[in-house]
Amino acid sequence: MKQALEIASAVRDGSVSAAWIVEDCLAGLAKGPALNAVTRILADRARHEARQVDAVVAAGRDPGPLAGVPYGVKDLFDVAGLPTTAGSSIYAEAPPARHDAEAIERLRNAGAILVATLNMDEFAYGFATINARHGTTRNPHDTDRLAGGSSGGSAAIVSAGLLPFSLGSDTNGSIRVPASLTGIYGLKPTHGGLPMAGVFALAESLDDIGPFGLSVADLRCVWEVLSGTAIAAKAGREFRVARLGGRFAENASPEQLAAMTAIAPDAPIVDLPDIARARSAAFLITAYEGGALHREALARDAMAFDPATRDRLIAGALLPQPLYQAAQAFRQHLTSAITHLIADYDVMLAPATPCVAPLIEDPRILIDGALRPARADLGIHTQPISFTGLPSLAVPLRRPGRLPLGLQLIGRHGDEATLFAYAATLEERGLIGVSPPPGGLQREAA
Amino acid sequence: MIGANKLLRSWDPFLTLLIIVVGAASLFPVQGTAAAWTKTIAVFAITLLFFLHGAKLSRAAIVQGAGHWRLHILTLGSTYVLFPAVGLALVALVGGWSNPLLLSGLLYLSLLPSTVQSSIAFTAIARGNVAAAVCSASLSNLIGIFLTPLLVAVFMHVDGKDAAASWNSVTSIALQLLAPFLAGHLLRPVIGGFIDRHKAILQPVDRGSILLVVYSAFSAAVVGGIWTKISGADLLELVGLSAVMLAVIMGANVLIARLAGLSRDDAIVLLFCGSKKSLVSGVPMAGALFPPSQVGVIVLPLMIFHQLQLFVCAVLASRFRREADARDAADSPASVLSLPRTEREIAVTARARGLAVPDACMPGVVANLALLDSHAGILLGRAGS
């Protein structure tokens, strides 16, 4: 038993109790591999929620589509009674949140059980999950390698099979990058499509939250719960697919390009305009908004920040406002142009990361023939997509025994349903899917 | 080398398919009963194509951009008045010593509607008014369904008939285009959702129909001895005449935009939407409007003009963008957009914002501002992006 819907089905029909699922899950987290993926285990809360689910099942009422399914959230969601740290020691002693984030509340109403908060780059500023307070999150497929970030804990814990799904946040690729490097599914929704109340911001005009999971069906169910939307089933649907060329093809692994050809050999190759500028503008917007958000705290005690994010945030706080305004104006212009240009396609294929997970000892990657810091550049293919607000589903290529690599399925604004439907066909064709890490999925083994 | 690279990058892969089909028709022309069948299938494909085009056309896109009515009138004027006038003038000018068959094709292309997809794409690259381009190009296509057959009836003698006979034949043939187009468009409220969900079938129908018409047309033309009537010199002359036509139209549109006082963003729409001709509409229309033996020769100039316009527009669009970037950068005083780079500049800027940069952070802040400055350079067009 490993996938969310399988667990929910068993809990709903009474063949297993939510309490048992939670104990099994907590035991797995306690004895699982040392990934530095978890920041807090919420055992008491999880047991309490499990009892509530079991009581609903016993009473013959509907416990919800995610009944008894344990999950974790990136350490930037408000959890009632706990300080929201955003992965930083600065807020370790902050006043506790009075309410759960809205996303957590919706998942609780659907029967899901929160068991842990998960590691991240401090303030979600990075693609590596190298955190001074909690350590570097390790990749379950090779613990000498990064899991990616900034939602690295959320990705690693699902990839290891210790939780069936989790929530992360994505400003420039922080869901899709770790999903690709750890070989699981991750969704960045249409900008503003999922509830952001109670989520610690990085760059508010670009931030979104989204789920990680082990199958398309799981991810779709979590998205339906979070968005409050039900996707109608449509059989035998055809998809008009394009492959993104230009910058996306220049820094992709040959295996990703081969996979895109195998998936849609006849799909036209589309060059979106101004991709390099989009990425640069996204960089500047993130730096400016991040710097502005933390300016007061930096003024109080800059040295309390994680060394890995401190200098970046200070630099962002020094950016001129007209430059930020120019970046936002360009964003508006490009989004309008790209929306028209892609109107004839249902799905566009692109690499999710430029390469497999880099080594923790040498966290650099090759971009345009030069070695660049992974922390800043792993999002080269995700950043321009977030910039336009389009939904993007990171899917794992099926490659057992090898380090994971993912693709992005990019859709039109508000059309996540098509992405799920298309991904399901690729999953059926055996082209994408989760390949377990060495030793298998932990909960599967348990 | 730059020209060759630009040409390669702007090369339309579909044109390669068209050349292959023309080659195939030249080597293996379909004849006799098979030719009649091919023609029938081509007519059916054209009908289906125009039905689907009607169903796909969004009136909402036209309504949304309709505010710029002066721009749309100028664009339509360029497509349906200026272009035909230049076409007629060129034909009259070189009529005595050029191949009349190819001149008919040149005149025909001057009567066609504008392109939709590439007009929008080039306007976007040039940082022009994209919403107006969507409206202008869509409107041009909608009107072309009615207007192009009428203009063909007025200015071209089809199949050697006199103007009146030609008028009758063209109006009846126009119905073959109009009827399915209108049927598709009127049924959009009912089938629009289905069409949008099954857009995957539209492109093969588009391209398949065009390839079928071209194969059928060139087969008939080859049987009629097209390659004995058209020489390599004729084709070179055609490239030259197409270039002249494009240059005159583009020059006129630049002048008109200035005289009309259009903003830069709108002038780009006029230049790109008003100077283009649609291969996707032109080839099937020719299949319906002209006798099979003439279609091959009629669409040959269009195929050459199509590639020429893509190449010129690609070069112009990137040049306009560079100019816009440079202007944006120039409009903002350097001090307003420039980043602090030296330790002293950083300390001064930080102080002004109530920050003190600790010594331990300074090297990292300098490095990060250098990185952000390079991104600012790419955004503002100061660096090679």
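Residues numbered from 1 in each chain as written. Chains lettered and ligands numbered in written order. Predicted model: local features only at pLDDT ≥ 70, side-chain atom pairs only at ≥ 80, totals over all residues.

Peer 1: Requested: an account of the overall build of chain A, with residues and values cited.
Peer 2: Along the backbone of chain A there are 16 helices and 17 strands. Relative to its 446 residues, chain A shows a buried fraction of 61%. For chain A, contacts bridging at least 24 residues in sequence account for 76% of all contacts bridging at least 6. (Helix = DSSP H or I, 4+ residues; strand = E, 2+ residues; numbered from the N terminus. Buried ≥ 20, exposed ≤ 12 C-beta atoms within 10 Å, placed from the backbone. Contact = placed C-beta atoms within 7 Å.)

Peer 1: Hey, could you go over the sheet that holds strand S2 (residues 70-74) of chain A for me, with residue numbers and the actual values?
Peer 2: All names here are of chain A. What the 11 strands build is an open sheet, ordered S1-S3-S2-S8-S10-S9-S16-S17-S13-S11-S12; its pairing is mixed. Every other strand in the sheet has two partners, leaving strand S1 (38-41) and strand S12 (269-270) as the edge strands with one partner each. One ladder, built from five bridges, connects strand S16 (residues 392-396) with strand S17 (residues 406-410); its direction is antiparallel. Within the sheet, the bridge partner assigned to Val-395 lies in S17 and is Leu-407. Taken strand by strand, helix H5 (residues 152-159) contacts S1, S2, strand S3 (113-118), strand S8 (165-170), strand S9 (185-188) and strand S10 (208-213), and its axis lies near 155° from that of S8. Relative to S10, helix H7 (residues 216-227) is tilted by about 145°, and along the sheet it contacts S8, S9 and S10. (Pairing = 2+ DSSP bridges. Axes fitted to C-alpha atoms, helices over the stretch in contact; angles between N-to-C directions.)

Peer 1: Run through the packing of helix H5 (residues 69-94) of chain B against helix H8 (residues 130-155) of chain B, naming residues and quoting values.
Peer 2: Residue and element names in this part refer to chain B. Direction vectors running N to C along H5 and H8 enclose 35°, while the axes themselves pass 9 Å from each other. Both H5 and H8 take part in a crossing whose hand is right-handed. Here Leu-71, His-72, Thr-75, Leu-76, Thr-79, Tyr-80, Pro-84 and Leu-88 of H5 lie close against H8, whose contacting residues are Ala-132, Cys-135, Ser-136, Leu-139, Ser-140, Ile-143, Leu-147, Leu-151 and Phe-155. (Left-handed = near helix turned anticlockwise from the far one by under 90°.)

Peer 1: Can you lay out the pairing of S2 of chain A for me, pointing to particular residues and giving the numbers?
Peer 2: Residues and elements named next belong to chain A. Most of S2 sits out of view: five of its five residues are buried. Of the pairings in the sheet, the one linking S2 to S3 comprises five bridges and is parallel in character. What sits directly across from Tyr-71, in S3, is Leu-114. After leaving S2, the chain enters helix H4 (residues 102-109) and then returns to the sheet as S3, a path that is right-handed. Relative to S8, S2 runs parallel, the two sharing three bridges. From the neighbouring strand, Tyr-71 faces S8, where its bridge partner is Phe-165. (Right-handed = clockwise from strand over helix to strand, strands pointing away.)

Peer 1: Outline the nonpolar core, supporting the account with residue identities and numerical values.
Peer 2: Leu-284 and Ile-314 of chain A together with Val-214 of chain B are the most contacted members of the largest nonpolar core, which totals 255 residues. Broken down by element, the residue count for this core peaks at 13 residues, all from helix H16 (residues 292-331) of chain B. With residues near it in sequence (within four places) discarded, Leu-284 of chain A still touches Leu-319, Leu-323, Tyr-324 and Ala-327 of chain A together with Leu-372, His-375, Ala-376 and Leu-379 of chain B. (Core = buried A, V, L, I, M, F, W, Y, C linked by C-beta atoms within 7 Å.)

Peer 1: Quick rundown of the interface of chain A and chain B? Include the residues and the values.
Peer 2: Often, the extent of an interface is quoted as the loss of accessible area on bringing the components together. Facing 38 residues of chain A, the contacting portion of chain B comprises 39 residues. Only helix H10 (275-301), helix H11 (307-317) and helix H12 (321-341) of chain A provide two or more residues apiece to the side of chain A that touches chain B. Of the residues belonging to the side of chain A that touches chain B, the class tally is 24 nonpolar, four polar and 10 charged. (Nonpolar A, V, L, I, M, F, W, Y, C, P; charged D, E, K, R; others polar.)

Peer 1: Please provide a residue-by-residue account of the packing of H5 of chain B against helix H14 (residues 264-274) of chain B, values included.
Peer 2: Residue and element names in this part refer to chain B. Two numbers describe how H5 lies on H14: the axes approach to 9 Å, and their chain directions differ by 25°. Relative to H14, H5 is oriented roughly parallel. For the crossing formed where H5 meets H14, the hand is right-handed. Residues Leu-71, Leu-74, Thr-75, Ser-78 and Thr-79 of H5 form the contact with H14, whose own contacting residues are Asp-266, Val-269, Leu-270, Cys-273 and Gly-274. When its residues are assigned to classes, the contact of H5 with H14 shows five nonpolar, four polar and one charged. (Parallel < 35°, antiparallel > 145°, perpendicular 65-115°, else oblique.)

Peer 1: Go over helix H19 (residues 362-380) of chain B, please, and point to the residues and values.
Peer 2: Residues spaced three or four apart along an α-helix face the same direction, because each turn holds 3.6 residues. Between its first and last C-alpha, H19 of chain B extends 26 Å over 19 residues, near the 27 Å set by a 1.5 Å rise per residue. When we look at burial in H19 of chain B, the residues that qualify are Val-365, Asn-368, Leu-369, Leu-372, His-375, Ala-376, Ile-378, Leu-379 and Leu-380 of chain B. (Expected span 1.5 Å × (residues − 1).)

Peer 1: How would you explain the environment of Ser-242 of chain B if you had to name every residue and give the values?
Peer 2: Residue and element names in this part refer to chain B. Structurally, Ser-242 is set in helix H13 (residues 232-259). Given 22 C-beta atoms within a 10 Å radius, Ser-242 is considered buried. Through-space distance from the C-alpha of Ser-242 to that of Ile-304 is 7.6 Å; in sequence the pair is 62 residues apart. Excluding anything up to four places from it in sequence, Ser-242 contacts Pro-301, Ile-304, Phe-305 and Leu-308.

Peer 1: Describe the confidence of the model for chain B, and please don't skip the residues or the numbers.
Peer 2: A low pLDDT means the predicted coordinates there should not be read in detail. Residue and element names in this part refer to chain B. For chain B, per-residue confidence averages 80 on the pLDDT scale, and 83% of positions sit at 70 or higher. Averaged pLDDT values over the elements of chain B bottom out at 52 in helix H1 (residues 2-10) and peak at 93 in H19. Below pLDDT 50 for its whole length, residues 160-165 participates in three contacts with residues either more than four positions away or in separate chains. As scored by the predictor, the complex reaches a pTM of 0.67 and an ipTM of 0.90. (pLDDT = per-residue confidence, 0-100.)

Peer 1: With reference to specific residues and values, describe helix H3 (residues 43-58) of chain A.
Peer 2: Residue and element names in this part refer to chain A. In this model H3 runs 22 Å from its N-terminal to its C-terminal C-alpha over 16 residues, within 8% of the 22 Å that 1.5 Å per residue would give. Those residues of H3 not exposed but buried are Ala-46, Glu-49, Ala-50, Val-53, Asp-54 and Val-57. For H3, the buried positions fall inside an angular range of 140° around the axis, keeping them on one side. Those residues of H3 that are exposed and angled more than 90 degrees off the buried face are Asp-44, His-48, Ala-55 and Ala-58. Looking at the buried positions of H3, the neighbouring elements they touch are helix H1 (4-12), helix H2 (18-31), S2, H4 and S3. Looking one or two residues past H3, Gly-60 carries a phi angle of roughly 80°, positive in sign. (Arc of directions from axis to C-beta.)

Peer 1: For unusual backbone geometry, give the residues involved together with the corresponding values.
Peer 2: Residue and element names in this part refer to chain A. Residue Ser-150 follows Gly-149 across a cis peptide bond; omega there is 10°. If you trace the backbone, Ser-150 turns up in the loop between strand S7 (142-146) and H5. Residue Ala-86 is not a glycine yet carries a positive backbone phi of 50°. With respect to the secondary-structure elements, Ala-86 resides in the loop between S2 and H4. With 25 C-beta atoms counted inside 10 Å, the residue Ala-86 sits in the buried group.

Peer 1: I'd like a rundown of the environment of Ile-410 of chain A, residues and numbers included.
Peer 2: All names here are of chain A. Secondary-structure assignment places Ile-410 in strand S17. Residue classification places Ile-410 among the buried residues on the basis of 24 C-beta atoms within 10 Å. Each C-alpha atom, one on Ile-410 and one on Arg-243, is 9.9 Å from the other, the two residues being 167 residues apart in sequence. Non-local contacts of Ile-410, meaning those with residues more than four positions away in its chain, are made with Val-347, Met-348, Ala-350, Ile-385, Leu-390 and Ser-392.

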